[in-house]
Amino acid sequence: MEEASPTQSIENFEIIRPLGRGGYSDVFHVKSIETNEEFALKVIKRNKPAQALNRVKNEISIQMKLEHPNIVKLHTSFEDSSFIYLLLEYCSGGELHSYIKQKERLSESETRRLCKQIINGIDLLHSKGIFHRDLKLGNVLLNKNKTIAKIGDFGLAIEIEGDDEMRRTICGTPNYISPEAASRKPYGLASDIWAFGCIVYACLVGKPPFDCPEVKQTLNKVKNLDYSIPDYLSQNAKDLIAQLLSPDPWKRLSTSQIMSHPFFNNNSIPKLQIKTDYCNRDYYEGDTSPLIKTGKARTGTDTKNGSRASIAHSTRTTQSSEGENMPLKYDQSQQVRRSLQLESIQPLSLYNLDPFVHTLNNGYIEITNQGSIKVYIAKRLLEVSSDGQVIFYQGKRYTLKTMPRSAQKLYLYASNCVDVIRKHSVQNSFDSQYI
Ligand code: ADE
């Protein structure tokens, strides 16, 4: 749970094994000698052209700003006379590329679960004007259980001024390159959406849509939109791919349209419902009504910022035996009970829970690889240790007794989430609840 200290040196780490090699860098799995915490350490030789070193500086400055469960975290960077080091979150499940190779291809439900997280990560990048420019299976990393996907490698990423700012420099991997970039036309954020389309396709089919042994052939296929969609895919999957791989960048779906596409909103399985009104300030400050409930989700759209998948409706509803949403009788005694609960919070326990992420329209809930729970809502971050006793709130450490009231509310919310997650994992209907 402790963050790596900002002043580090290579002497503080034990190298466990190499993880990969890029054009200018090597990545190693390392362990902090002091804390035993595991990281991925990206090592870049300093004797590189100035332009390459500027790229590294740019990568650090972009990735340092990003804090999201679906983006690989850059803890810190440091350097010595020979190398520049990037200390990154370690994703023990490796690359999505290797996972797909091992499984040949993924089911639609697994693709849905992982790609929903990838698009959540892209949504954050694009909302900050960050254009990744190298989205591909090899730059998506997984946790041990292959249930959490994180976007990594910001080596080619750039910050742009507006949604429609265009670039001309060709970069990116040919398999995932957009037709506008392949034709040397100006290209922008929509090229990341194209690459995402190639990722969705590759998950479902086992290889990217324009895969060819020769780069030139691949580029020709991209320019001619020469790919085929296998018949075994569902209509929703086919439709999503066709809309992502639209040759006209202006016609490609936006991140919010993708998140509300029917492929990501399959209603046939029960979903975890988390009352996201909690993110609203009014609710946050005053309302003490139930924060979380379970049932068959009517996936909805967030009308304010376009859409988010799997968000619960704000009207109180419950599930009838047929799975219909029915009005919920509002029990005022629950309000009273809940305000009393704030005075006598029981420690939550995360024992035996798998990593999990659920994105809200104003934040997220995450059970981390380290077994802690993070609740990030309305720019407030609470992290609770697996035994429920150590609490980090807005960067400060507390105990159950010392945490402020605003942290207590988030703590209770986290505790309710844990109850729901446990109930669902017991019912074996967990699959649908990852984001
Ligand atoms: N390979 C490259 N970056 C990595 C990371 N952050 N975790 C695991 N493997 C990696």
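Just so it is clear, the model here is predicted, and its values are computed rather than measured.

Draft legend 1. Geometry of the overall build of the chain. When helices and strands are counted, the chain shows 11 helices and 20 strands. Across the 435 residues in the chain, those meeting the buried criterion constitute 52%. Taking the intrachain contacts of the chain between residues at least 6 apart in sequence as the baseline, contacts between residues at least 24 apart amount to 61%. When the accessible area of the chain is evaluated, it comes to approximately 20,600 Å², of which 48% is carbon and sulfur surface.

Draft legend 2. Geometry of the pattern of salt bridges. Tallying each qualifying case throughout the model produces 11 salt bridges. In this structure, the salt-bridge partner of K42 is D153, at a minimum N-O distance of 3.4 Å. Remark: D153 occurs in the loop between strand 9 (149-151) and strand 10 (158-159) and K42 occurs in strand 3 (residues 38-45); sequence separation between them is 111 residues. The class of K42 is buried, set by a relative accessible area of 8%. Put simply, E89 and K150 hold a salt bridge, and the shortest N to O gap is 2.8 Å. Residue E89 is found in strand 5 (residues 83-89), and its partner K150 is found in strand 9; the two are separated by 61 residues along the sequence. Salt bridges sharing common partners tie together K42, E59 and D153.

Draft legend 3. Just the side chain of E110, in detail. By the secondary structure assignment, E110 is in helix 3 (residues 108-127). Residue E110 is classed as buried on the basis of its relative accessible area, which comes to 10%. Here the side chain of E110 touches Y99 through a polar contact of 2.5 Å, side chain to side chain. Looking at E110, its side chain comes within polar contact range of the side chain of K103, at 2.9 Å. Dropping the residues within four chain positions of it, E110 is found in contact with Y99, K103 and K146.

Draft legend 4. Seen up close, the site of the ligand. All residues adjacent to the ligand are L19, V27, A40, V72, E89, Y90, C91 and L141. Interatomic distance of 2.8 Å between a backbone N/O atom of E89 and a nitrogen atom of the ligand. The contact in question runs from a nitrogen atom of the ligand to an N or O atom on the backbone of C91, over 2.9 Å. Expressed as a share of its isolated accessible area of 260 Å², the protein-covered part of the ligand is 86%. Split by residue class, the shell around the ligand holds 7 nonpolar, no polar and 1 charged.

Draft legend 5. Inspection of unusual backbone geometry at higher detail. Look at E104: it is not a glycine, yet its phi comes out positive at around 70 degrees. Turning to its location among the elements, E104 is positioned in the loop between helix 2 (96-103) and helix 3. By relative accessible area, E104 is classed as exposed at 62%.

Draft legend 6. Structural detail: the sheet that holds strand 2 (residues 25-32). The 5 strands are arranged 1-2-3-5-4 in an open sheet whose pairing can be described as antiparallel. The sheet is open, and its two borders are formed by strand 1 (13-21) and strand 4 (74-79), each paired with just one other strand. Between one strand axis and the next, the sheet turns through 25 degrees on average, direction left out of account. Two elements, strand 4 and strand 5, share 5 bridges in a ladder whose sense is antiparallel.

Draft legend 7. Examining helix 3 more closely. With 20 residues, helix 3 should cover 28 Å at 1.5 Å per step; its first-to-last C-alpha distance of 27 Å lies within 8% of that length. Of all the 20 residues making up helix 3, 18 are buried; the element is thus mostly covered by neighbouring parts of the structure. After helix 3 finishes, the residue G129 shows a positive phi value of roughly 70 degrees.

Draft legend 8. Fine view of the packing of aromatic side chains. Tallying each qualifying case throughout the model produces 9 aromatic pairs. An aromatic cluster is present here, built from F13, F39, F78, F83 and Y85 joined pairwise through their rings. Sitting over the face of the ring of Y232, R105 holds its NZ or CZ atom 3.9 Å from the ring centroid. Above the ring of F263, the side-chain terminus of R112 is found at 5.0 Å from the ring centroid.

Draft legend 9. Just the nonpolar core, in detail. Within the largest apolar cluster, 58 residues are counted, with the highest numbers of intra-cluster contacts made by L96, I118, F196, I199 and I258. It is helix 5 (residues 190-205) that provides the largest number of residues to this core, a total of 12 residues. Split by domain, this core shows at least three residues from each of two domains, domain 1 (10-89) and domain 2 (94-265). Every residue in contact with L96, bar those within four places of it in the chain, is listed here: L106, L114, I118, L137, V140, L142, I199 and C203. Core analysis: the second largest hydrophobic core is formed by 27 residues, I345, I365, V384 and Y413 among them.

Reading guide: rules and limits
- Residues numbered from 1 in each chain as written.
- Predicted model: local features only at pLDDT ≥ 70, side-chain atom pairs only at ≥ 80, totals over all residues.
- Heavy atoms only, no water.
- Helix = DSSP H or I, 4+ residues; strand = E, 2+ residues; numbered from the N terminus.
- Buried < 20%, exposed > 50% of the residue type's maximum accessible area, 1.4 Å probe, protein only.
- Contact = heavy atoms within 4.5 Å.
- Areas by Shrake-Rupley, 256 points an atom, 1.4 Å probe, with all protein chains shown as cover.
- Salt bridge = Lys/Arg side-chain N within 4 Å of Asp/Glu carboxyl O.
- Polar contact = N/O pair within 3.5 Å; in protein donor to acceptor, adjacent residues only side chain to side chain.
- Near = heavy atom within 4 Å.
- Nonpolar A, V, L, I, M, F, W, Y, C, P; charged D, E, K, R; others polar.
- Pairing = 2+ DSSP bridges.
- Axes fitted to C-alpha atoms, helices over the stretch in contact; angles between N-to-C directions.
- Expected span 1.5 Å × (residues − 1).
- Phe/Tyr/Trp six-rings, centres within 6.5 Å; stacked < 30°, edge-to-face > 60°.
- Lys NZ or Arg CZ within 6 Å of the ring centre and 35° of its normal.
- Core = buried A, V, L, I, M, F, W, Y, C linked by side-chain atoms within 4.5 Å.
- Domains from an automatic or database assignment.

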